[in-house]
Amino acid sequence: MSKDIRIKKGLDIKLVGEAEQVTTELQLGSVFAVKPDDFHGVIPKILAKEGTEVKAGEALFYSKSDERILFPSPVSGKVTEIVRGARRKVLAIKITADAQQEYKDFGKKDVDAMSGEEVKNHLFASGCWPFVKQRPYDVVANPNQAPKAIFVSAYASAPLAADYDYALKGKEAELQAALTALTKLTAGKVHVSVAKNSTLSPFKDVKGVELHKVSGPHPVGNVSTQIAQIDPINKGEVVWVVTPQDLVVIGELLLTGKFNITRTIALAGSKFNKPQYVTAKAGAQIADVVKGNLDANNARVISGNVLSGLEVKEDDFLGYYDNLITAIPEGDDYELFGWNKPVFNKISTSRALTFSWLNPKKKYDLDTNTNGEHRAFVVTGSYEEIFPLDIYPMQLLKACMYKDLDEMEGLGAYEIAPEDFALTEFICVSKQPHQKIIREGLDLMREELG
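Cut-offs and rules
- Residues numbered from 1 in each chain as written.
- Predicted model: local features only at pLDDT ≥ 70, side-chain atom pairs only at ≥ 80, totals over all residues.
- Heavy atoms only, no water.
- Pairing = 2+ DSSP bridges.
- Helix = DSSP H or I, 4+ residues; strand = E, 2+ residues; numbered from the N terminus.
- Expected span 1.5 Å × (residues − 1).
- Buried < 20%, exposed > 50% of the residue type's maximum accessible area, 1.4 Å probe, protein only.
- Contact = heavy atoms within 4.5 Å.
- Polar contact = N/O pair within 3.5 Å; in protein donor to acceptor, adjacent residues only side chain to side chain.
- Core = buried A, V, L, I, M, F, W, Y, C linked by side-chain atoms within 4.5 Å.
- Axes fitted to C-alpha atoms, helices over the stretch in contact; angles between N-to-C directions.
- Salt bridge = Lys/Arg side-chain N within 4 Å of Asp/Glu carboxyl O.
- Phe/Tyr/Trp six-rings, centres within 6.5 Å; stacked < 30°, edge-to-face > 60°.
- Lys NZ or Arg CZ within 6 Å of the ring centre and 35° of its normal.

Trainee: Just to check I follow, could you spell out the sheet that holds strand 8 (residues 77–84) for this structure?
Mentor: Picture the strands of a sheet paired through backbone hydrogen bonds; they go either parallel or antiparallel. Spatially, the four strands line up as an open sheet ordered 3-9-8-5, and their pairing is antiparallel. Since the sheet does not close on itself, it has two edges, and those belong to strand 3 (31–34) and strand 5 (53–54), each with one partner. Relative to strand 9 (residues 90–97), strand 3 runs antiparallel, the two being bridged by four bridges. Bridged to valine 34 within strand 9 is isoleucine 93.

Trainee: Teacher, can you tell me more about helix 5 (residues 244–256) here?
Mentor: Think of an α-helix as 3.6 residues a turn; residues three or four steps apart then line up on the same face. Helix length check: helix 5, at 13 residues, gives a terminal C-alpha distance of 18 Å against a target of 18 Å (1.5 Å per residue), a fit within 8%. With 11 of its 13 residues buried, helix 5 lies for the most part within the structure. Of all the positions in helix 5, only Pro244, Gln245, Asp246, Leu247, Val248, Val249, Ile250, Gly251, Glu252, Leu253 and Leu254 are classed as buried.

Trainee: What should I look at first to understand unusual backbone geometry in this one?
Mentor: The phi torsion of most residues other than glycine is negative, and most of the peptide bonds are trans. Residues arginine 135 and proline 136 are joined by a peptide bond in cis, for which omega reads 10 degrees. For proline 136, the location among the structural elements is in the loop between strand 10 (133–135) and strand 11 (139–140). Between histidine 218 and proline 219 the backbone carries a cis peptide bond, its omega angle lying at 20 degrees. One non-glycine residue with positive phi stands out, namely leucine 160, at about 60 degrees. Among the secondary structure elements, leucine 160 is positioned in the loop between strand 12 (149–153) and helix 2 (164–167). Judged by its relative accessible area of 10%, leucine 160 falls in the buried class.

Trainee: What's the story with the pairing of strand 14 (residues 210–215) in this structure? I'm lost.
Mentor: Here is the key point about a regular strand: its side chains alternate between the two faces of the sheet. The pairing of strand 1 (residues 4–6) with strand 14 spans three bridges and is classified as parallel. When the sheet's bridge partners are listed, arginine 6 is paired in strand 14 with serine 215. As judged from the five bridges shared by strand 13 (residues 189–195) and strand 14, these two strands associate in the parallel manner. Within strand 14, the position partnered with valine 192 by the bridge is leucine 211.

Trainee: What should I look at first to understand the pairing of strand 9 in this one?
Mentor: Alignment of strand 8 against strand 9, held across seven bridges, turns out to be antiparallel. Across the sheet, the residue bridging to valine 79 is isoleucine 95, located in strand 9. In this structure, the hairpin formed by strand 8 and strand 9 is closed by a connection of five residues, where arginine 87 is found at a positive phi of approximately 55 degrees.

Trainee: Help me out: how do you make sense of the environment of asparagine 305 in this one?
Mentor: Within the fold, asparagine 305 resides in the loop between strand 18 (299–303) and strand 19 (310–312). Separated by 186 residues in sequence, asparagine 305 and valine 119 have C-alpha atoms that sit 32 Å apart. Apart from the residues within four sequence positions on either side, asparagine 305 is in contact with Ala158, Pro159, Leu324 and Thr326. Side-chain polar atoms of asparagine 305 contact the backbone nitrogen of leucine 307, separated by 2.8 Å.

Trainee: Quick question: what am I supposed to make of the nonpolar core here?
Mentor: It is characteristic of soluble globular proteins that their nonpolar side chains tend to be buried jointly. Counting residues in each nonpolar core, the largest one holds 77 residues, and the members touching the most others are Leu179, Phe203 and Ile325. In terms of nonpolar packing, the next biggest core, distinct from the first, is built from 42 residues, Leu11, Tyr277, Met408 and Leu442 among them.

Trainee: Would you mind going over helix 4 (residues 223–230) with me for this structure?
Mentor: Along helix 4, six of the eight residues are buried, which leaves the element largely enclosed by surrounding structure. Among the residues of helix 4, Val223, Ser224, Thr225, Gln226, Ile227 and Ile230 are the ones counted as buried. The secondary structure elements touched by the buried residues of helix 4 are strand 1, strand 10, strand 12, strand 13, strand 14 and strand 15 (239–241).

Trainee: I tried to follow the sheet that holds strand 2 (residues 23–25) on my own but got confused; where do I start?
Mentor: The sheet built from six strands is open, its strands ordered 2-17-16-20-18-19 with mixed pairing. Whereas interior strands pair on both sides, the edge strands pair on one side only; in this sheet they are strand 2 and strand 19. Neighbour-to-neighbour, the strand axes of the sheet open up by a mean angle of 35 degrees, direction not taken into account. Relative to strand 17 (residues 276–281), strand 2 runs parallel, the two sharing three bridges.

Trainee: What's the story with the pattern of salt bridges in this structure? I'm lost.
Mentor: Oppositely charged side chains can form a pair if their charged atoms are brought close together. By the definition in use, this model includes 18 salt bridges. Across the pair lysine 133 and aspartate 138 runs a salt bridge whose closest N-O atoms are separated by 3.9 Å. For lysine 133, a relative accessible area of 22% gives the class partly exposed. The salt bridge partner of glutamate 210 is lysine 189, with a shortest N-O separation of 3.9 Å. Pair noted here: glutamate 210 is in strand 14 and lysine 189 is in strand 13, with a separation of 21 residues, a long-range link. Residue glutamate 210 is classed as buried on the basis of its relative accessible area of 16%. Several salt bridges share partner residues, and in doing so they unite Lys133, Arg135, Asp138, Arg439 and Asp443 into one network.

Trainee: How should the packing of aromatic side chains be read in this particular structure?
Mentor: Aromatic ring pairs: the centre-centre distance and the angle between the two ring planes describe each pair. Within the structure shown, the criterion is met by 13 aromatic pairs. Residues phenylalanine 39 and tyrosine 320 carry aromatic rings whose centres are separated by 4.8 Å and whose planes lie at 65 degrees to one another, so their mutual orientation is edge-to-face. Residue phenylalanine 39 is located in the loop between strand 3 and strand 4 (44–46), and its partner tyrosine 320 is located in the loop between strand 19 and strand 20 (324–329); the two are separated by 281 residues in the primary sequence. For phenylalanine 39, a relative accessible area of 1% gives the class buried. The interplanar angle of 65 degrees and the centroid separation of 6.5 Å between the aromatic rings of tyrosine 137 and tyrosine 414 together place this pair among those described as edge-to-face. Of this pair, tyrosine 137 sits in the loop between strand 10 and strand 11 while tyrosine 414 is found in the loop between helix 9 (405–410) and helix 10 (422–427), placing the two residues 277 residues apart along the sequence. For tyrosine 137, a relative accessible area of 5% puts it in the buried group. By way of ring pairs, the aromatic residues Phe39, Phe61, Phe71, Phe131, Phe259, Tyr320 and Tyr321 are connected into one cluster. Here the basic side chain of lysine 133 rests over the ring of tyrosine 321, its NZ or CZ set 4.7 Å away from the ring centre.

All we've got here are geometric facts, nothing functional implied.
Structural data, given as structure tokens:
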């Protein structure tokens, strides 16, 4: 049964530079890259050697743990370089794109007539399986474990996040086809969550799923928050997660037979001259996406959102799962005794010396300065005030640090992903890297417990 989800704990970080709802169609860039690190926990086995000609949708590599899981090229062209790091680890596979794009034909499908096994095999063959991620561990889903439910969060509450209602406008047919396919993969339900006040959601008329309406501060848009409210994960259970922009790729594959990973990307933040939306393929070079729009002077460019995204340079590439590039000022300025005077231009959960609580609708032009240095954990109780899950965040972080698997299990590590600790990291007076700590803890659990 559908239910409304409202949370009170959380924190909305309002920043200047929200993307205007105007979309610019960008020309196809010249160089693209697929980075295995975007697929956490996957050890790649190369299929396309340097010099290989590939079509869009043809596999570049597969997962060592399951050779059915393929990772395709976003464009047609020639594999020009396989970038390797220490111990010959594959860091990126670069493809020089053809001027005229060719797509591998996977064939149109009548999804209503397909069985669950046929859907799964089609996702394997087309390279769409990596779009399906799982909890626990927040990794590409293990196809040998049946999920008790599948979740889609169609509301992004992170700072400056892309507006799904706008970005997915006109994609109703693709979304319906993909959701129908997902219903074949679980004996449970497919849950889709949209903003409560949304009247333009492309999901509002979808069939065969449970539709939930969510409201409240960030992280209400995080899928972990929604899972905890709808169908919490217990030991031994698995749920799968797919993002809305990935549903569009799966839906288009089913309807047309083409693997087309063109996304509507939000360019947001105060360092863009004109924050707006653009169309680009996953793996596009950052310079091609931000060309002519970025004020590069003293700017931090992030693939993803400011809380959990990855810092990139202009010669780096757009993350495989990302639909947002954020650019904010670099925090390289410091002030003497800055801790000892009232602050009006920064956001804080404390009312001690900052006055952001007096004007909750104010938008801030924040930089990357941490306003403090790394130190031992200080117990303040502030994490619990903005953490909506029924979990003790401080205790779980410490359990991850001293690698107590039993305690991590008991404290709810199966339910979480690193992004769920982005807010606690933001307000942490100890400047501890919460997301890194949680990621390492989840990796340890996956390695030891499977």
